[in-house]
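Summary of structural features
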Amino acid sequence: MRKNMEALSRVIFLTGDSGDKKALIEQMADIPAKEPFGDAAIAFLNDLSKELMSSKEARLYSDVITFAFWIRKGAVWKLKERFWTDRLTLGVGVVFHIAPSNVPVNFAYSLVSGLLTGNANIVRVPSKDFPQVRIITDAIRKALEEHEEMKPYVAVVRYGKDKEVNDLFSSLCDMRVIWGGDQTIAELRKSALPSRSGEIAFADRYSFAVIDSDSYMDIEEKGRVAESFYNDTFFSDQNACTSPRMIIWTGGRIHEAKERFWDEEQKIVEQKYEYRDIQGVDKLAGSYILAANKTGIKIKRHKDNRIVRVMVSEITDDLMDYQGNSGYFLEYDCGNLMELWDLCNNKKCQTVAYIGKKECMLPLLKAGVRGIDRVVPVGKTMDFDLIWDGYDLTERLTRKVALL
């Protein structure tokens, strides 16, 4: 279990006692698992929230402040009320988290999931030097100084592609959580787990939005809707699995709603989005490839290439193979949402964002589609929850003790 400790020389510790990496990692195998939602974890996270909220630099990044708001004491107590059980429950032990390379703050949410379920945590952050990672790990180090009890439970690390390090951390863990997509999952699975250890793998997924045109046109603050949609999509360049890549339009005012919706979105994008010419080239190339392979494709004329919209005439099971990013949207006018069966029956289908009524998705869900794990309002696709991709993390990261 403790083989390859020399590999730690190639690991940068962003939190924890970097002066004695070996001792920090070795002790994780022996420290006690805690009960979920323990007072020490909640107090530490509340102080971490205060540290981030008071940081001028943190306030430059909305995703950091959103995270800080999510871990404040009041919010965590609401989570505890949702997931608390009076059965004897303990963390599984050590959780090895591998964060995705394209969502800077994801590592922090994964860490908090491990802490709130009573576990010690080794968290690998992206190799890219995101400022949000530095801001949060700096705050974690400061907060840990006032919470000595929590220090052995937190190790945030950075390292390159290194199978020996993966082998080491995998051999230590009781649960491995992989957020990096299919390629990362395949690479991590080359590193064996102990026979009693488990794994949660968040594979490559796609998401789309369903907009009821009548409901949209009834909304007075359409600029706020545009901001919300921007946060779902352009904020992450549509690289997050939760970001809608396709818009399904329903209702009786589709043409009118489209014109207004995209006009409002164009205003926000021009104000906030850092556009690069190569993105426009990639989006146009993607639309031409789609048009060459599918019939009935229409590329909508737009003010510029910040937003590229491609109308499709039918839903097919391979349609999302042609998805793009950085402001590239497929669109479909839908008379009956059961037309989306092929789109939703794919296990890669993750989140449906909606404007209108969430109940509109119930017929598809009750019909037994194999995809769709989340149905959330537009503007909420990036909001993290302890139920994610169909997994209840409070269940997967804990063990129940039978007292008979």
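Preceding this section is the structure that the text describes.
Residues numbered from 1 in each chain as written. Predicted model: local features only at pLDDT ≥ 70, side-chain atom pairs only at ≥ 80, totals over all residues. Heavy atoms only, no water.

What to know about the packing of aromatic side chains
Counted according to the given criterion, the structure contains 20 aromatic pairs. Taken together, a centroid distance of 3.8 Å and an interplanar angle of 10° make the contact between W179 and F202 stacked. One end of the pair, W179, is in the loop between β6 (175–178) and α8 (182–188); the other, F202, is in the loop between β7 (198–201) and β8 (206–212), and 23 residues separate them in sequence. Pairing F229 with W262 gives two aromatic rings, centres 6.0 Å apart and planes at 85°, and the pair type is edge-to-face. Taken together, the positions of F229 in helix α10 (residues 222–232) and W262 in helix α11 (residues 254–272) put the pair 33 residues apart, joining distant regions of the chain. Comparing F229 with W262 shows no difference in burial state: the two are buried. Among the aromatic side chains, those forming a connected cluster through ring pairs are Y216, F229, Y230, F234, W249, F261, W262, Y273 and F329. Between R124 and the ring centre of Y159, over which it is positioned, the NZ or CZ distance is 4.2 Å. Over the face of the ring belonging to Y216 we find K222, whose NZ or CZ atom lies 5.4 Å from the ring centre. (Phe/Tyr/Trp six-rings, centres within 6.5 Å; stacked < 30°, edge-to-face > 60°. Helix = DSSP H or I, 4+ residues; strand = E, 2+ residues; numbered from the N terminus. Buried < 20%, exposed > 50% of the residue type's maximum accessible area, 1.4 Å probe, protein only. Lys NZ or Arg CZ within 6 Å of the ring centre and 35° of its normal.)

A short note on the nonpolar core
L48, F67 and F169 are the most contacted members of the largest nonpolar core, which has 78 residues in total. Counting residues in hydrophobic clusters, the runner-up holds 28 residues, among them M246, M320, L330 and V352. (Core = buried A, V, L, I, M, F, W, Y, C linked by side-chain atoms within 4.5 Å.)

Details of the pairing of β8
On a regular strand, one side chain projects to one face of the sheet and the next to the other, so that they alternate. Counting buried residues in β8 gives 7 out of 7 residues, a clear majority hidden from the surface. Covered by surrounding structure in β8 are Y206, F208, V210 and D212 together with S207, A209 and I211, the residues of both alternating faces. In terms of strand pairing, β8 meets strand β13 (residues 349–355) through 5 bridges, oriented parallel. The partner of F208 across the bridge, within β13, is V352. In the sheet, β8 pairs with strand β9 (residues 244–250) via 6 bridges, with the strands oriented parallel. By the bridge assignment for β9, V210 is matched with I248. (Pairing = 2+ DSSP bridges.)

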